[in-house]
Amino acid sequence: MSHLQNLLLDTLLGTKHVDSAALIKIQERSLCVASPGFNVMPSDVRTLVNGFAKNPLQTRREGLYFKEKDYRCVRADEYSLYAKNENTGVVVVKTNLYLLVATYTEGMYPSVCVEATESLGDYLRKKGS
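Note that the structure is predicted; figures quoted are calculated from it, not measured. (Residues numbered from 1 in each chain as written. Predicted model: local features only at pLDDT ≥ 70, side-chain atom pairs only at ≥ 80, totals over all residues. Heavy atoms only, no water.)

What follows is about the sheet that holds strand S6 (residues 88-94). Each strand in a sheet pairs with its neighbour through backbone hydrogen bonds, running either in the same direction (parallel) or in the opposite one (antiparallel). Within the open sheet, the seven strands sit side by side as S2-S1-S7-S6-S5-S4-S3. Their pairing is antiparallel. The open sheet terminates on both sides in strands that have one partner only, identified here as strand S2 (30-34) and strand S3 (64-66). The sheet shows a mean angle of 30 degrees between the axes of neighbouring strands, taken without regard to direction. Pairing geometry for strand S1 (residues 20-25) and strand S7 (residues 98-104), over six bridges, is antiparallel. Bridge pairing links Ile-24 to Leu-99 in S7. Seen against the sheet, helix H1 (residues 3-12) touches S1, S2 and S7 and runs at an angle of roughly 60 degrees to S2. Those strands touched by helix H2 (residues 42-53) are S1, S2, S3, strand S5 (80-85), S6 and S7, and its axis lies near 155 degrees from that of S3. (Pairing = 2+ DSSP bridges. Helix = DSSP H or I, 4+ residues; strand = E, 2+ residues; numbered from the N terminus. Axes fitted to C-alpha atoms, helices over the stretch in contact; angles between N-to-C directions. Contact = heavy atoms within 4.5 Å.)

Written out as structure tokens, the structure is:
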């Protein structure tokens, strides 16, 4: 198991408030590593990368279509996208090299998912990743 996958499992899934997580390489627009069973399709990768390429207000207005669901965007800025669909959601944090993606499901606390994902994003940015 790679160092990056260990980071995802320990710092995100270890909270018990992140259902699945992945790292996407921004430049290559490709999946780098993901938690077991989290299949991020190329179309989902494009959606997330394009979510940051657009004006954040446009992304916020339009929402995200991710993993075959429409998500209402509740935050969109230079470094973060938060979107929800009923009792599930996706948190995306941009670092220098990656998009860090975390999902939560019913019964999980979105605030814990956000805090853990943003903290890992800060750590990766400080490391230059």
